[in-house]
Amino acid sequence: MPTFSNPVLTGSHPDPSICRVGEDFYLVTSSFAYYPGIPVLHSRDLVGWQPLGHVVDRPSQVSLTGLDVSDGLWAATIRHHEGTFYVVVALARGRQGSTTYLFTASDPAGPWSDPVVLEAEGIDPSLFFDDDGRCWFTACRDAAEPEVTGPGELWMRELDLDRLALTGPTHALWYGAMRGAWVEAPHLYKRDGVYHLIGAEGGTERHHAVTAARADAVTGPYSTDPRSPLLTHRHRGAAEPIHNVGHVDLVDTPAGETWAVALGVRPLDGTHTLGREVFLVPVEWTADGPVFAPDTGRVRLSERLPAGTGAGAVAPVGPTRDDFGGTALGPEWSSLRGPVGHLVSTGPGEGGLTIRLSPEPLTGTGTPAFVARRQQHLRMRARARVRFTATAPTQEAGLVVFQHAHHATLALTADASGTPHVVLTAHEADSPTRLGAVAVTSDEVVLVVDSDESGYTFHVEDGTWTTLGTIERPFFSTERAGGFVGVHLGLYGIGGADAGEAHVHWFEYAPAR
């Protein structure tokens, strides 16, 4: 039987949501404080995904300034109805929902509209279009009486599609299957006249689980599916290769199958660095409701291909080299909180990437001179050829392994006498620790980082090969660094006003065996 490899989206792609239009599938994931925000991807087989663009690609749409890396745009939902695509998303501040936005587009590749602010509280918004054409908005929020119902509540209001505004009464739908646990990630589906409300409980870590309720009317009352949890790996041992499974969205294929996209992580010795990734899980409908992974009851690294997609599974992500010869960065690159066109430019002149140094630190809440791409393999090598002439130790530019509050920089800089050096520094919150340094004979070097099961090892090529040090892998893990994102590999420049420019000739990313 032809198979594919899970996850279908490697590296940090949390909270997937999916819809289908004809033969085409469209998917969005959370982007937090990374910009552009809310990536949109396209597939014909649910396995191979290609980037189309982003919902938030203009700073006038949403301001992310001042937000922590793991705040920002959380858990968007994408839906299609009568020629229009809809995306709803919550903007989080201080780890709580602050504003709910609705975007529309006629083409999922964009442009997407400026957002409409909905009168909604909480997080994880979703939309459901019923058979009668009415649209229902669902989300999760703090329960009014947590001591009675539990801490979380899934709620609903109708969305007026003409005014793009919530209307009518608010309906409290469900408080979850697990008393004492927060219920979130609501998505609503209708099958054979029955409404199925799918949620997530147990947090986004080891106890994450898919639970459900059902009703005969869209506004309820909803009764808990007694089979809950319908999908979880919280009961599996440390040897299980996939953990933290949950936050699903369902889609029907043209061949009549149902599949779920779910988030999960691939930990090693209890910690993970790649972030929450997208896994594909078969679903079977029964009289009792959806059955996830009906043959095994678990998410697998190898799964059968969806029917009708043929035997040609998409090749895994391979080595890539970016010479930055275009007029804009590719879709794999992100900045923090806003565009960096005033700090980073590509193409003109000698080609490559020019980074104008900025005083904004990587640990700040502004927009630093920084661009990065997701790490997508535990074993990998990233290399960049960088030219930079520093005039003071406060000026630096180079390669960064970035994970929320923890990051490591491998930078071209200068010592007090102005001699060029490459310095390896580990940053834990705002506390830097210099781990190694070497004088170099040129202001142009190749900076290298290797990653494997044990850690990240940093090197510099300057006519000779010098290893500056290794940082243990758990330092960059979500379990230690906190937050909701995975490791990103970036290029950056820090210095005072008029501190000059660094030039990156190329950047390479290659999986390693």
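The structure presented is a predicted model; accordingly, all values stated were derived computationally and were not measured.

Asker: Outline the sheet that holds strand β7 (residues 72-81), supporting the account with residue identities and numerical values.
Answerer: Spatial ordering of the open sheet is given by β7-β8-β9-β10, a layout of four strands whose pairing is antiparallel. Single-partner strands in this sheet number two, and they are β7 and β10 (116-118). Looking at each pair of strands side by side, their axes are set apart by 25 degrees on average, direction ignored. By the bridge criterion, eight bridges tie β7 to strand β8 (residues 84-93) in an arrangement that is antiparallel. Paired with R79 across the strands is Y86, a residue of β8.

Asker: I'd love a proper account of unusual backbone geometry, names of residues and values included.
Answerer: Looking along the chain, the bond that leaves G220 and enters P221 is cis, with omega of 10 degrees. In this fold, P221 is placed in the loop between β17 (209-215) and β18 (223-224). S228 connects to P229 through a cis peptide bond whose omega is 0 degrees. Looking at the secondary structure, you find P229 in the loop between β18 and β19 (231-232).

Asker: I'd like a rundown of the side chain of R79, residues and numbers included.
Answerer: Note that R79 resides in strand β7. Here R79 falls in the buried class, since its relative accessible area comes to 11%. Of the polar contacts made by the side chain of R79, one reaches the side chain of H187; its length is 3.5 Å. With sequence-adjacent residues up to four places away left out, R79 is seen in contact with S17, I18, C19, T84, F85, Y86, S126, L127, F129, H187, Y189 and D249.

Asker: Please set out the pattern of salt bridges residue by residue, giving values where relevant.
Answerer: Side chains that differ in sign of charge can pair as their charged atoms come close. Scanning all chains against the criterion turns up 31 salt bridges. Note that D68 and R95 form a salt bridge whose closest N and O atoms lie 3.1 Å from each other. Residue D68 is located in the loop between β6 (50-56) and β7, and its partner R95 is located in the loop between β8 and β9 (96-105); the two are separated by 27 residues in the primary sequence. You can call D68 partly exposed: its relative accessible area is 29%.

Asker: Tell me about the sheet that holds strand β12 (residues 135-142), and name the residues and values.
Answerer: In spatial order, the strands read β11-β12-β13-β14; together these four strands make up an open sheet with antiparallel pairing. Edge positions in the sheet fall to β11 (123-129) and β14 (165-174), since each has one partner strand and no second. Each strand of the sheet is rotated relative to its neighbour by a mean of 25 degrees, with strand direction disregarded. Note that strand β13 (residues 152-160) and β14 share six bridges and pair antiparallel. Each bridged residue has a counterpart across the sheet, and for L159 the counterpart in β14 is L166.

Asker: Please set out the state of the cysteines residue by residue, giving values where relevant.
Answerer: Counted under the stated rule, the structure contains zero disulfides. Distance from the sulfur of C135, which forms no disulfide, to the nearest cysteine sulfur (C19) is 13 Å. C140 carries a free sulfur, and the closest cysteine sulfur to it, the one in C135, is 17 Å from it. C140 sits in the buried class, given a relative accessible area of 0%.

Asker: Explain the nonpolar core to me, and be specific about the residues and the numbers.
Answerer: Counting residues in hydrophobic clusters, the biggest one holds 46 residues, and the most contacted among them are V422, F458, L491 and F507. Judged by nonpolar contacts, the second largest core, of 33 residues, contains F32, L154, A215 and F402.

Asker: Before we move on, could you go through the packing of aromatic side chains and cite the residues and values that matter?
Answerer: What the rule picks out here adds up to 13 aromatic pairs. When the ring of Y26 is compared with that of F85, the centres are 5.2 Å apart and the planes differ by 80 degrees; the resulting orientation is edge-to-face. With Y26 in strand β3 (residues 24-28) and F85 in strand β8, the pair connects residues that are 59 residues apart, well separated along the chain. Grouping residues by exposure puts Y26 and F85 together as buried.

Asker: Describe in detail the environment of Y86, supporting the description with residues and values.
Answerer: Positionally, Y86 belongs in strand β8. Given a relative accessible area of 7%, Y86 falls into the buried group. The spatial distance from the C-alpha of Y86 to the C-alpha of G326 is 31 Å, given a sequence separation of 240 residues. Dropping the residues within four chain positions of it, Y86 is found in contact with T77, I78, R79, H81, L102, F103, T104, W112, L127, F129, L161 and L164.

Asker: Could you give an account of the environment of T466, naming the residues involved and the relevant values?
Answerer: Within the secondary structure, T466 sits in strand β37 (residues 465-472). Residue class for T466 comes out partly exposed when judged on its relative accessible area of 24%. It is 41 Å that separates the C-alpha atoms of T466 and V28, two residues lying 438 residues apart in sequence. Beyond its immediate stretch of four places on either side in the chain, T466 contacts V438, F458, H459 and V460.

Conventions we followed
Residues numbered from 1 in each chain as written. Predicted model: local features only at pLDDT ≥ 70, side-chain atom pairs only at ≥ 80, totals over all residues. Heavy atoms only, no water. Pairing = 2+ DSSP bridges. Helix = DSSP H or I, 4+ residues; strand = E, 2+ residues; numbered from the N terminus. Axes fitted to C-alpha atoms, helices over the stretch in contact; angles between N-to-C directions. Buried < 20%, exposed > 50% of the residue type's maximum accessible area, 1.4 Å probe, protein only. Polar contact = N/O pair within 3.5 Å; in protein donor to acceptor, adjacent residues only side chain to side chain. Contact = heavy atoms within 4.5 Å. Salt bridge = Lys/Arg side-chain N within 4 Å of Asp/Glu carboxyl O. Disulfide = S-S within 2.5 Å. Core = buried A, V, L, I, M, F, W, Y, C linked by side-chain atoms within 4.5 Å. Phe/Tyr/Trp six-rings, centres within 6.5 Å; stacked < 30°, edge-to-face > 60°.

So yeah, pure geometry; function would need other evidence.
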